[in-house]
Each structure stands twice: as structure tokens, then as C-alpha cells.
Amino acid sequence: MTTTANSNAHTVRHYLQGLQQHITDAIAAIDGSTFLADVWQKAPGEPLQGKGLTKILENGPVFERAGCGFSHVQGPRLPPSATQHRPELAGAPFEAMGVSLVFHPRNPYVPTVHMNVRMLAAQGKDGQEVCWFGGGMDLTPYYGFEEDAVHFHTVCRDALQPFGEDKYPRFKTWCDEYFHLKHRNEQRGIGGVFFDDFSELGFEGSFAMLRAVGDALLTAYLPIVERRKAMAYGERERNFQLYRRGRYVEFNLVWDRGTHFGLQSGGRTESILLSMPPLASWAYQQQPEPGSPEAELYARFLPRRDWI
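No experiment lies behind these values; they were computed from the predicted model shown. (Residues numbered from 1 in each chain as written. Predicted model: local features only at pLDDT ≥ 70, side-chain atom pairs only at ≥ 80, totals over all residues. Heavy atoms only, no water.)

Trainee: So what's going on with the side chain of Glu-64? Which residues, and what values?
Mentor: Mapped onto the elements of the fold, Glu-64 is located in strand 3 (residues 63–75). You can call Glu-64 buried: its relative accessible area is 4%. When neighbours within four sequence positions are excluded, Glu-64 is seen to be in contact with Leu-57, Glu-58, Asn-59, His-104, Pro-105, Arg-106, Arg-238, Arg-245, Pro-278 and Leu-279. (Helix = DSSP H or I, 4+ residues; strand = E, 2+ residues; numbered from the N terminus. Buried < 20%, exposed > 50% of the residue type's maximum accessible area, 1.4 Å probe, protein only. Contact = heavy atoms within 4.5 Å.)

Trainee: Can you lay out helix 4 (residues 167–178) for me, pointing to particular residues and giving the numbers?
Mentor: Each α-helix winds once per 3.6 residues, and so residues spaced three or four apart point in a common direction. Here helix 4 is 12 residues long and its end C-alpha atoms lie 16 Å apart, about the 16 Å a rise of 1.5 Å per residue gives. Among the residues making up helix 4, those that are buried are Lys-167, Tyr-168, Phe-171, Lys-172, Cys-175, Asp-176 and Tyr-178. Mapping the buried residues of helix 4 onto a view down its axis gives an arc of 165 degrees, with all of them on the same face. (Expected span 1.5 Å × (residues − 1). Arc of directions from axis to C-beta.)

Trainee: I'd like a rundown of the environment of Arg-238, residues and numbers included.
Mentor: Tracing the backbone through its elements, the reader meets Arg-238 in helix 6 (residues 235–254). What makes Arg-238 buried here is its relative accessible area of 18%. The spacing of Arg-238 and Pro-44 is 194 residues in sequence and 44 Å in space, taken between C-alpha atoms. If we skip the residues at most four places from it in the chain, Arg-238 touches Glu-64, Arg-106, Pro-108, Arg-245 and Leu-279. A distance of 2.7 Å separates a polar atom in the side chain of Arg-238 from a polar atom in the side chain of Gln-241. (Polar contact = N/O pair within 3.5 Å; in protein donor to acceptor, adjacent residues only side chain to side chain.)

Trainee: Help me get a handle on the pattern of salt bridges, residues and values and all.
Mentor: Tallied over the full model, the rule gives 23 salt bridges. Measuring nitrogen to oxygen at the nearest pair gives 2.8 Å for the salt bridge that ties Glu-58 to Arg-65. Classification of Glu-58 by relative accessible area gives partly exposed; the value is 45%. For Arg-65, a relative accessible area of 15% puts it in the buried group. A salt bridge links Glu-147 to Arg-227; the shortest N-O distance between them is 3.8 Å. In this pair, Glu-147 sits in helix 3 (residues 146–160) while Arg-227 sits in helix 5 (residues 202–228), placing the two residues 80 residues apart along the sequence. A residue is classified by how much of its surface remains accessible, and Arg-227, at 33% relative accessible area, is partly exposed. The network of salt bridges with shared partners includes Glu-146, Glu-296, Arg-300 and Arg-305. (Salt bridge = Lys/Arg side-chain N within 4 Å of Asp/Glu carboxyl O.)

Trainee: Mind laying out the nonpolar core, listing which residues take part and the relevant values?
Mentor: Judged by nonpolar contacts, the single largest core of 67 residues is most densely connected at Ile-23, Phe-63, Phe-103, Met-115, Phe-133, Met-137 and Tyr-221. It is helix 5 that contributes the most residues to this core, 14 residues altogether. If we ignore the near neighbours within four places in the chain, the residues touching Ile-23 are Leu-101, Phe-103, Met-115, Gly-214, Leu-217 and Leu-218. By size, the runner-up hydrophobic cluster in this structure holds 11 residues, among which are Leu-48, Ala-96, Trp-132 and Phe-261. (Core = buried A, V, L, I, M, F, W, Y, C linked by side-chain atoms within 4.5 Å.)

By themselves, these figures tell us nothing about what the structure is for.
What follows is the structure, given as C-alpha cells:
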């Protein structure tokens, strides 16, 4: 990689490490618990080289499981999941870095949130570095609240506004299309924003957009947590939460490109799967009671719609 490329990688890495610290500090303050910090490094001889920091909080009063990982890895050839839109880079050496998080709350009225921000750089056949960004955030409620959905999407829109009027509607649609369980013809949640293979604003502009998304996560999510974390719930709500978490597992293992990229490239399995909920359940052909809050999730919140 060139000196400029190395400088770019250093700049992005510095931001991502700070973002991880900022977010986990805020979540630890709300939960009153401490994140376990697990520093890891790939052993010599493995197909992927690099290191990272996995931070995990489990069995807290607010978050049953909250995982936030930073990784920076290099590999000899891009895996298929990373080149399906860039076939000219198939087999190219690459480096990838990012922060990925999933927070699974204890209270069924608090939604699960996911965010990922990342940069990939590959060496083209002409020797030039090709660099692109990806990421976004999305919300997966178990019980729907209109004001929560509107708030989350409003923050996403406002974060992207400086980069063009087209970005929020475009990335909102992309998110809806991506977080779709094709085998069930069902959305994972209420969406948010998602983008991939993004470099159209040049390095500086694309990186600035990535930072705007990463920096907006706490503004989008924490007010919802504060509103819902003390709501009373019982066995019915808990069982429905675990059932819906099963859908989350299905998506991550069957469809998620990030999970596939990590596993295909020889990534660290324990860190890749930190997004999994601590508990989940499945039931055969379970149908919500008509007119119930559970049925409302399917009728009003999971179908794709404009929230703002």
C-alpha cells in the first residue's frame, strides 16, 4: 500500500477506535455494568492477519447482551461476499476495518439496535488502491411505538442531510431491501439506513459521511432506551421477545453479508458472532392473537413504510 493509503488507514482506524470507546462508555453508564474488553490478534500462519478489540457486556439490568467490536485485518484475497459488486477485484489482497455492534436489551419494550461502519481497501490489478465504505444502523423492535420509529429515522435522515438530499431515501430503501428475510418474506425490523461499496464522494467526503452515521447512533437509540427500559412486562412479552429474536438469528446466519465475509475470510468466529442474542426461541407456525400488540408489530411496523 502507498504512503497515502497508509495515512488514510491510520485516520479511519483512529476514528473507529474512538467511536467504539465513546459508544461503550455511554451504554455502560446506562446499564451500570462494565464491558469486558477482549484484545485479540490473529496467529501467524492464519489466512487472515490483524487484530482487534471485542467489548462485551452480559447479564446487565438494562442490556442482556451488548457487543461492540473493532477489527482491523489484512488478507491475501477478497472473499466472494466482498466482490459480488466488484468482480474486477476478485482475489485481490485487501485490508478491512470497522466497528460493529448489536445491543440486545432485557426489557421486551426496548428494541434491539444494530450498527456497522467499515472501510475496505484492495489492491487493484494496476497496483492502485481501491477504497470504499459501508455501514448503517437499523432498529428491531419487539413491540412497536410510532414515536420511537419516527425518532430513529429522523436522526438517520438528519445525519445524512449534509451529504445530499438523495442519501436518506436511497439508503433507507437499501436498508429495507437488505434486512429482509427472503425465506419468510418479512422485514427484520423497522429498518434505518444502509449503504455499501460507497466511494462516490471521494475519500474525504465518503469518510465524513461514515463518521456522521457512526456519531448519530447514540442520538438515535438512547432516548428510546430511556423511554422504555422501566416499562412493566411479563412472561407473555418475554416469550414473544425470544421468539422474535429467533428471526434475528435466522437473518444473521442465512443472509448477512458481514457474517459471511467474516467467516469466509477466516475471521475470528467469537467476535463475528457477538451479534447473537443470549437466548432465542422458535415455535412451529406461531400466529399472534388478532388485535394484540404482537399482531400490531406484524401489521403496522414490519411492513415497509415511510416513517417521516
